[in-house]
Amino acid sequence: MEQRSGVYDDADGVLTQDEQLLATPPKLLLVDDKQENLFTLKRILTPLGGELHTAMSGQEALGLMLEHNYAVVLMDVQMPNMDGFETASLMREHARTRDIPVIFVTALSTDHRYIKAGYAAGAVDYLLKPIDSAILLSKVRVFLELAHKRFSLESAMSQLQRVSRRHQVILNCANEGILGINRSGHIMFSNPSAEALLHAEDSNLSGFHLSRIFADSSEANEALENVLQLVATEGQHRSEDARFIRLDGSCFPVDYSCAAIVDDEHEYAGSVLVFNDITERKNVEQQLIRLARYDDLTGLANRTLFRDSLRKSMARAKRSGRLMGLLFFDLDRFKAVNDELGHGAGDELLREVSRRLQHGVREGDLVARLGGDEFAVVIDEIENTANAGQIAEKLLSELARPMMIDGRRVSTFTSIGIAIYQGDEDSPEAIIKKADTAMYEAKRRGRNGYRYYNEGMTGELSRRKSLEHDLAAALENGVLEVHYQPQVTAHDSTIVGFEALARWPDRSRGFVSPLEFIPAAEECGLIEQIGDFVIHTACTQLAAWRDAGFVSDRCRMAINISVMQLHSGLLVPVVRNCLDETGLNPSDIEIELTESVVMDDAAVALDQLASLADLGVKIAIDDFGTGYSSLSYLQRLPIDTLKIDRTFISGIGDHPNSDVIVRSILALAASLGLDVVAEGVETTQQVAFLRNHGCKVLQGYLFGKPSSACKTGSPGNPRSPCPSGISAAPGFRRLRRSSAARGCAPCR
């Protein structure tokens, strides 16, 4: 059988050696070299009930004593080879036998010196032969009782040691710190975990007062006194959120329980304190709090914390009689950054924007990310409404500075809506709606600015939302149209191109102005779909006209794009796909952008326009002269054509400055090797001026208004759409004012 550790003997039901001694009859060893003497001793001692062993020499006796635990040894003194004195002396030299009582049984002289020599050898008593049975039984019985008590005491001590060892093992293995504390609050013992948690591995905690480990020294004694008092009176005390201080001075969070120790008189004798380091739990709790109240990506307040802070700020403003403001905004072109550079770059942009927003507000103001690219700022307790505008201007300035995102220079802009709370009955939801309304008004007014909410905006917002809803439905249902305005040569009005223009015929509104629905499309995110529709429709139309012989193979289609299309990163693939589908050459397409679109982010524009130019697509700057372009960018951008804005053309002959500006633009274009298209030509005087100063291509109502394509043909002849008023003669088609009223030959 496998031997078991003594620490667990009592738990496993295995008797220890001392317990076995108590459970079995006592053993007596009788030593004499004569059998008759041994027989006599056995006969006398048998009534005691002990287990009697015999030996006939000192050597044999010593051997038996090493194998058995004897309660007493009765030994003859005079034996051959090794007498009783020598045997007793050898017994005292061995740990196992030295405590066995020896009674000498002898017939030798009772001389005092002889007896003294026996006691010196280790004897506890003498019996003289012939043996008196009564005396022998009385003496042996006493030693048997003493042996029983000795074995009982040893068993109790052994059990106590086992319990102590087991408890020590438990203390040593426990992950919790355990401290034994006396009535005065001093530490009496500590387990290894307590020493490790308190950084006391090289120090003895015994003797330290418990107040030494309480983190707040100014309140330690008072706190400890309260704890010990509770333990003494109620028997226990528990705290789930306390702080202890290590011996090196650092603090850490703990939970602990303290239980009273009572003595035999049921009096309070001290306590046992068990504690855990809950740093990891606290960190998890803090992380959960952050996840619940803060945005994981930017570290800003999330929607939950924002609404809570907004309510509190409104309450403070109402109590103090001061104002509070709410700024609401999102990022222009954020989707384009995501699409072009990837979501990783989009995340980095949001983080950089968050850092700038925090830098741009006052201490105490709350910046929140509400989701996606939506942000809000709660401006607490301001003196007047102008304070909110000053903060908005600072934020616009912070965000206007270009950012380096994923190795690319990116600019982002925003439009800010401001709502002011003046202590009225507005709910948080109401003021949020007002700030949101003001933000859309700021976008409508030109972006990268801010607007204060006023009551008149509510109706405008409702109208605009209705417009956006109907525009989405029109796009979905194929209601939108593309109209085409011809571009002709200045010397003989030969058609050399068309400009494709989106138009929206609405049943209730009539034709909605592009100046109204294009900004709405940009605000609600439909502009890219509309742009793709115009590109695809215009390319398909040009290919159909060529196949029908209505236009020359040299005729070009000009298509306007918005800033969002330019920055989406999808413009080049869309154009390439349309060219592949229609079979047009890249040079048949001319992409038109306004100066403001190009200069909104010239670095991104340069990259996208360069890709289009590499494809072979022509690039034109529309409304040239009305924006704020830099001539240096005109040299760097891959531009083929400048389109002079109609405001300059309309002033020809009437305003000298217009004449000068037009001549300057024509000279600039000539020096840069660029083509020029004059827009808005309506009089023959303007035609003559432009022709005389070298402008070769004209566009305007004088040559035709933007109109939809006609649809003609028969079941056997695929439909052959053509622009109204175009002659069907081969070669270059000429568009004359007289034919514009009649329509082209196939249409007639």
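The structure presented is a predicted model; accordingly, all values stated were derived computationally and were not measured. (Residues numbered from 1 in each chain as written. Predicted model: local features only at pLDDT ≥ 70, side-chain atom pairs only at ≥ 80, totals over all residues. Heavy atoms only, no water.)

Caption draft 1: Focus on the overall build of the protein. In terms of regular secondary structure, the protein is built from 27 helices and 28 strands. Taken over 748 residues, the protein has a buried fraction of 46%. Long-range contacts, defined as pairs at least 24 residues apart, comprise 62% of the intrachain contacts of the protein with a sequence gap of at least 6. Carbon and sulfur atoms form 50% of the exposed surface of the protein, whose accessible area is close to 36,600 Å². (Helix = DSSP H or I, 4+ residues; strand = E, 2+ residues; numbered from the N terminus. Buried < 20%, exposed > 50% of the residue type's maximum accessible area, 1.4 Å probe, protein only. Contact = heavy atoms within 4.5 Å. Areas by Shrake-Rupley, 256 points an atom, 1.4 Å probe, with all protein chains shown as cover.)

Caption draft 2: A look at the side chain of Thr97. Tracing the chain through its elements places Thr97 in the loop between helix H5 (84-91) and strand S4 (102-106). Sequence-distant contacts of Thr97, that is, excluding residues within four places in its chain, are made with Met65, Leu66, Met91 and Arg92.

Caption draft 3: Summary view of the packing of aromatic side chains. By the definition in use, this model includes 11 aromatic pairs. Between Phe244 and Phe252, the aromatic rings sit 6.5 Å apart at their centres with planes inclined by 90°, giving edge-to-face as the arrangement. With a relative accessible area of 1%, Phe252 lands in the buried category. Clustering of aromatic rings is evident, with ring pairs tying together Phe85, Phe104, Tyr119 and Tyr126. Of note, Lys705 hangs over the ring of Tyr701, and the distance from its end group to the ring centre comes to 5.3 Å. (Phe/Tyr/Trp six-rings, centres within 6.5 Å; stacked < 30°, edge-to-face > 60°. Lys NZ or Arg CZ within 6 Å of the ring centre and 35° of its normal.)

Caption draft 4: Layout of the pairing of strand S18 (residues 481-489). Of all nine residues in S18, eight are buried; the element is thus mostly enclosed. Following S18, the chain reverses through five residues before pairing antiparallel with strand S19 (residues 495-506); Ser493 in that reversal takes a positive phi of roughly 60°. Sheet topology places S18 next to strand S26 (residues 697-698); two bridges connect them, and they run antiparallel. Note on S26: the bridge partner recorded for Thr489 is Val697. (Pairing = 2+ DSSP bridges.)

Caption draft 5: Representation of the layout of surface pockets within the structure. The volume enclosed by the second largest pocket comes to roughly 590 Å³. Looking at the second largest pocket, it is lined by 27 residues, and the ones nearest its centre are Arg556, Asp675, Val676, Lys696 and Val697. When residues of the lining of the second largest pocket are traced back to their parent elements, those giving at least two are S18, S19, helix H25 (656-672) and strand S25 (675-678). Each residue belonging to the lining of the second largest pocket can be placed in one class, and the counts come to 12 nonpolar, nine polar and six charged. (1 Å grid on protein atoms, 1.4 Å probe; cavity = no way out; pocket = protein on both sides within 12 Å on 5 of 7 lines; lining within 4 Å. Points joined across faces, edges and corners; volume = space filled by probe spheres on them. Nonpolar A, V, L, I, M, F, W, Y, C, P; charged D, E, K, R; others polar.)

Caption draft 6: The side chain of Asp380, seen in detail. Along the chain, Asp380 turns up in strand S13 (residues 374-382). Looking at Asp380, the relative accessible area reads 16%, which means it is buried. At 2.6 Å, the side chain of Asp380 forms a polar contact with the side chain of Ser313. At a separation of 2.8 Å, a polar atom in the side chain of Asp380 contacts the side chain of Arg316. Dropping the residues within four chain positions of it, Asp380 is found in contact with Ser313, Arg316, Leu323, Arg362 and Asp365. (Polar contact = N/O pair within 3.5 Å; in protein donor to acceptor, adjacent residues only side chain to side chain.)

Everything listed is a geometric property; what it means functionally is a separate question.
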